[in-house]
Amino acid sequence: MKLIEHIPLIKQMEIINRLNFFKEFTLNERQVLLESFSHLYLVHQNRFLFKQYDNDKQLYIVLSGAIVVFKHSHLVDLGTIEPGQFIGEGAFINNRERSTSARATCDTIVLAITPQALTRLPNVIREKIKDRIIEGMSERIAKLSEHIENHS
């Protein structure tokens, strides 16, 4: 994973403006988040974003590309995280090691937020991030429920 440092703010804003995750954020809130509280990383194709049992606690929002999620003990993929979706919320929220591994299926850019940065964010931005995480987790639960129903 390589830190990306030289993308102009305007280009970063263009990228996140297209993503559903940030739809409730004002332009100013998006700018504050990008300038002060997050980092962009490039994960090359077939490289790991993180591995199961890692102690990395960051929340990652996929800006471009895709990340496949899996457990080392299983040969089946658990899902694919696409632009506008997030990954790593379990370790981020509960301060625990990673329960899955995540690998880029193609060159992928992610925005990373640390738990420490979340606590320093202005309340309105922090609440919007929490709302998006709750919405995303709710969608995942609904998909899992549907999957279980279809395979029982």
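Placed above this text is the structure.
None of these values were measured; they are calculated from a predicted model.

Spatially, β1-β2-β9-β4-β7 is the arrangement adopted by the five strands of the open sheet, whose pairing is antiparallel. If you trace the sheet from one side to the other, it starts and ends with β1 (2-4) and β7 (86-87), each paired once. Judged from the five bridges that link them, strand β4 (residues 59-64) and strand β9 (residues 108-113) form a sheet pairing that is antiparallel. Paired with valine 62 across the two strands is valine 110, which belongs to β9.

Next up on the list: the nonpolar core. Formed by 26 residues in total, the largest nonpolar core has its most connected members in Phe22, Ile61, Leu63, Ile113 and Ile129. Contributing elements (two or more residues each) for this core: α1 (9-17), α2 (27-36), β2 (39-43), β4, β9, α4 (115-120) and α5 (123-150). Leaving out residues up to four positions away in the same chain, isoleucine 61 has contacts with Phe21, Phe22, Gln85, Phe86, Ile109, Val110, Leu111 and Ile113. Core analysis: the next-biggest nonpolar cluster, separate from the first, contains 14 residues, Tyr41, Leu49, Ile87 and Val110 among them.

Turning next to the packing of aromatic side chains. Considering all chains together, one arrives at six aromatic pairs under this definition. Aromatic pair phenylalanine 21 and phenylalanine 22: ring centres 5.0 Å apart, planes at 65 degrees, arrangement edge-to-face. Residue phenylalanine 22 is classed as buried on the basis of its relative accessible area, which comes to 0%. Judged by centre distance (6.1 Å) and plane angle (50 degrees), the rings of phenylalanine 48 and phenylalanine 70 are tilted. With phenylalanine 48 in strand β3 (residues 48-50) and phenylalanine 70 in strand β5 (residues 67-70), the pair connects residues that are 22 residues apart, well separated along the chain. By way of ring pairs, the aromatic residues Phe21, Phe22, Phe25 and Phe86 are connected into one cluster. Over the face of the ring belonging to phenylalanine 50 we find arginine 98, whose NZ or CZ atom lies 4.0 Å from the ring centre.

Here is what the cut-offs are and how they apply
- Residues numbered from 1 in each chain as written.
- Predicted model: local features only at pLDDT ≥ 70, side-chain atom pairs only at ≥ 80, totals over all residues.
- Heavy atoms only, no water.
- Pairing = 2+ DSSP bridges.
- Helix = DSSP H or I, 4+ residues; strand = E, 2+ residues; numbered from the N terminus.
- Core = buried A, V, L, I, M, F, W, Y, C linked by side-chain atoms within 4.5 Å.
- Buried < 20%, exposed > 50% of the residue type's maximum accessible area, 1.4 Å probe, protein only.
- Contact = heavy atoms within 4.5 Å.
- Phe/Tyr/Trp six-rings, centres within 6.5 Å; stacked < 30°, edge-to-face > 60°.
- Lys NZ or Arg CZ within 6 Å of the ring centre and 35° of its normal.

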